[in-house]
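Residue-level structural notes
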Amino acid sequence: MHARADASTDAASWPEDIFAILQRFEVRQVPYVPDAGHSQLIERVLGEPSMRGIALTTEEEGVALLLGAWAGGQRGVLLMQSSGVGNCINMLSLTQIFRFPFLTLVTMRGEWGEFNPWQVPMGTSTQGVLELAGIRVLRASHPDEVREVMEAAASQAYDACTPTAVLLSQRLIGTKVFVK
Amino acid sequence: MSKANLLNRRQVVASLLASRGDAIAVGGLGASTYDIAAAGDHARNLYLWGAMGGAVMIGLGVALAQPKLPVLVITGDGEMLMGLGSLATVGLQKPKNLSIIVLDNESYGETGGQMSHTAAADLVGIARACGIADSVALATLDEIAAFAARMQDVSAGPRFANIKIDAANLERVLSNRDGMFVLTRLRGALGFPPI
């Protein structure tokens, strides 16, 4: 059920690029709702003593957590899937009220050869929803651009307190393959 | 609405904060924020006027970032009900310095006193079942004073307390509602300069 259509199921290099940048920006709290596309990064976070991986029951918890982290002097990043963006809408108000460094990395579903029609509505509206909520959206579609996009996103989020989402496209992650 | 045997929310919160020391207090949307404001404005207060369901998670983020400081989340039953999953998240992380206090009037006081689910749902049982072993119901001001003293111990949390309070709507005591001001002031109190 969790197979992917390309080689990215084996240790891919782009999650390592993300992890290295999060370390360089001294990110400490990493709330997440699990997603296959984030699994390699989550493993790295849970194995890193300077970071705290925090499993959530629903994605909006992570928005609130990142405000608290910043109030206490720490940076964080929220890992989720595109379907979780819709769960966050009201809680994203916090990014405008408190102008804290908000960064989320969103693995995309519902695009690029999606098998499951249930993923398509939220996947199609993910970018629009984020932008309507006042979040700047960047996208990475190829492994060799992840580092550059993450650099830009982390810089504007952490240095300029500009709330930012990076969409990691389904083309990058690999389409989920459903087998009987 | 008043019942003689239920506690006055302002007295409860004043007692919780009377000897707060260095504690950080997060106030949930609605009357809980007014109660904290009524107890006296403080640089280590973080008032919420929205983000319903987020108070416990904000408290968790602060608590993990500042493990040596007591962190108190004071919120209402309606706000807590909207973020019940966050009790499971706290139960997994087990921050030793976090205390969650719910002022439970079994109603949505801010919107006209409509009934809430805590007429049936047992928040203490929910919190305990989520892995917060130190989950209690407090019924007297003596118990609340004892709990306030325990909150200062940052090696024995997390803890959860549910307090049934009188549902009477009290005069609003408006806290500051400029998020940037409150956040910058709190961070400043902790030694963090503006960016």
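Nothing here was measured: the structure is a model prediction, and the numbers come from that model.

1. Brief notes about the overall build of chain A
- From N to C terminus, chain A includes eight helices and seven strands.
- A compact globule built from 180 residues should have a C-alpha radius of gyration of about 16 Å, and chain A, at 15 Å, falls within 12% of that.
- Expressed along its principal axes, the backbone C-alpha trace of chain A runs to roughly 45 × 35 × 30 Å.
- When the 180 residues of chain A are sorted by exposure, 48% land in the buried category.
- Across chain A, contacts joining residues at least 24 apart in sequence account for 76% of those joining residues at least 6 apart.

2. Focus on the overall build of chain B
- Summing up its helical and strand segments, chain B has eight helices and eight strands in all.
- Over its C-alpha trace chain B gives a radius of gyration of 15 Å, about what one expects of a compact globule, namely 16 Å for 195 residues.
- With 195 residues in all, chain B has 49% of them scored as buried.
- Of the contacts made within chain B by residues no fewer than 6 positions apart, 77% connect residues no fewer than 24 positions apart.

3. Remarks on the interface of chain A and chain B
- In this complex, chain A contributes 26 residues to the contact, which on the side of chain B involves 27 residues.
- Of all the secondary-structure elements, those providing two or more residues to the side of chain A that touches chain B are strand E2 (52-55), helix H3 (60-71) and helix H5 (93-98) of chain A.
- Here the side of chain A that touches chain B is composed, by residue class, of 15 nonpolar, eight polar and three charged.

4. Description of the sheet that holds strand E7 (residues 134-138) of chain B
All names here are of chain B.
- Pairing within the open sheet is parallel, and its six strands lie in the order E2-E1-E3-E4-E8-E7. The sheet is open, and its two borders are formed by strand E2 (45-47) and E7, each paired with just one other strand. Across the sheet, the mean angle separating the axes of adjacent strands is 15 degrees when strand polarity is ignored.

5. Section: the pairing of strand E8 (residues 159-164) of chain B
Residues and elements named next belong to chain B.
- For E8, the tally of buried residues reaches five of six residues, placing the bulk of the element in the interior.
- Examined bridge by bridge, strand E4 (residues 98-104) and E8 share six bridges and lie parallel to one another. When the sheet's bridge partners are listed, isoleucine 100 is paired in E8 with phenylalanine 160.
- With five bridges joining them, E7 and E8 adopt parallel strand pairing.

6. Description of the confidence of the model for chain B
- For chain B, the mean per-residue pLDDT works out to 95, and 98% of the residues sit at or above 70.
- Across the interface, the model reports ipTM at 0.96; the global pTM reads 0.95.

7. A word on helix H8 (residues 179-189) of chain B
- By the burial criterion, the buried members of H8 of chain B are Gly179, Val182 and Leu186 of chain B. Axial view of H8 of chain B: buried residues confined to an arc of 75 degrees, hence all on one face. Across from the buried face of H8 of chain B, at angles greater than 90 degrees, the exposed residues are Phe181 and Gly188 of chain B.
- Where H8 of chain B is buried, its residues touch H3 and H5 of chain A together with E2 of chain B.
- One or two positions beyond H8 of chain B, positive phi appears at glycine 191 of chain B, with a value near 95 degrees.

8. Topic: the pairing of strand E5 (residues 103-107) of chain A
Residue and element names in this part refer to chain A.
- When you tally the buried positions in E5, you get five out of five residues, the bulk of the element.
- Burial of E5 is two-sided: the residues Leu103, Leu105 and Thr107 facing one way and the residues Thr104 and Val106 facing the other way are all buried.
- In terms of strand pairing, E5 meets strand E7 (residues 164-168) through five bridges, oriented parallel. Paired with leucine 103 across the bridge in E7 is threonine 164.

9. Section: the packing of helix H1 (residues 9-17) of chain B against helix H7 (residues 141-150) of chain B
Residue and element names in this part refer to chain B.
- Where H1 contacts H7, the axes come no closer than 8 Å and their chain directions differ by 30 degrees. One finds that H1 runs roughly parallel with respect to H7. As for how H1 packs across H7, the hand of that crossing is right-handed. Note on element contacts: H7 touches H1 through Leu141, Ile144, Ala145 and Ala148, opposite Gln11, Val12, Ser15 and Leu16.
- Residue composition of the contact of H1 with H7, grouped by class: six nonpolar, two polar and no charged.

10. Side note on the nonpolar core
- Membership of the largest hydrophobic core comes to 109 residues, with the highest contact counts inside it found for Val166 of chain A together with Leu72 and Ile163 of chain B.
- Top element by residues in this core is helix H3 (residues 55-65) of chain B. It accounts for nine residues.
- Residues contacting leucine 72 of chain B, with those up to four places away along its chain left out, are Leu16, Ala23, Ala25, Val26, Ser99, Ile101 and Met151 of chain B.

Rules of the game
- Residues numbered from 1 in each chain as written.
- Chains lettered and ligands numbered in written order.
- Predicted model: local features only at pLDDT ≥ 70, side-chain atom pairs only at ≥ 80, totals over all residues.
- Helix = DSSP H or I, 4+ residues; strand = E, 2+ residues; numbered from the N terminus.
- Rg over C-alpha atoms; globule rule 2.2 N^0.38 Å.
- Buried ≥ 20, exposed ≤ 12 C-beta atoms within 10 Å, placed from the backbone.
- Contact = placed C-beta atoms within 7 Å.
- Nonpolar A, V, L, I, M, F, W, Y, C, P; charged D, E, K, R; others polar.
- Pairing = 2+ DSSP bridges.
- Axes fitted to C-alpha atoms, helices over the stretch in contact; angles between N-to-C directions.
- pLDDT = per-residue confidence, 0-100.
- Arc of directions from axis to C-beta.
- Parallel < 35°, antiparallel > 145°, perpendicular 65-115°, else oblique.
- Left-handed = near helix turned anticlockwise from the far one by under 90°.
- Core = buried A, V, L, I, M, F, W, Y, C linked by C-beta atoms within 7 Å.

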